[in-house]
Amino acid sequence: MIDQYKHREQTITCVCGWHGSCATNATGGSDWTTHLNQFRTKRK
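Residues numbered from 1 in each chain as written. Predicted model: local features only at pLDDT ≥ 70, side-chain atom pairs only at ≥ 80, totals over all residues. Heavy atoms only, no water.

Novice: An account of the side chain of S30 is requested, with residue identities and associated values reported.
Specialist: Position of S30 relative to the elements: it lies in the loop between β3 (19-21) and α1 (31-43). The class for S30 is buried, based on a relative accessible area of 6%. Of the polar contacts made by the side chain of S30, one reaches the side chain of T33; its length is 3.0 Å. (Helix = DSSP H or I, 4+ residues; strand = E, 2+ residues; numbered from the N terminus. Buried < 20%, exposed > 50% of the residue type's maximum accessible area, 1.4 Å probe, protein only. Polar contact = N/O pair within 3.5 Å; in protein donor to acceptor, adjacent residues only side chain to side chain.)

Novice: Give a description of the pairing of strand β1 (residues 2-6) that names residues and reports values.
Specialist: Alignment of β1 against strand β2 (residues 11-14), held across four bridges, turns out to be antiparallel. Bridge assignment links Q4 to a residue of β2, and that residue is T13. Between β1 and β2, which follow one another and run antiparallel, lie four residues, and Q10 among them has a positive phi close to 55°. (Pairing = 2+ DSSP bridges.)

So, to be careful, I would describe these as geometric facts and stop short of saying anything about function.
Laid out in structure tokens, this is it:
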């Protein structure tokens, strides 16, 4: 869940304390997408 989102900077702070970019990177994903995937895996 997003705690804070800054549109111009495209940065997100997660409720878990993670902070990173949601801008699309060269692989078509983003740091945020990677974080979400890791977070979902850990919760199972």
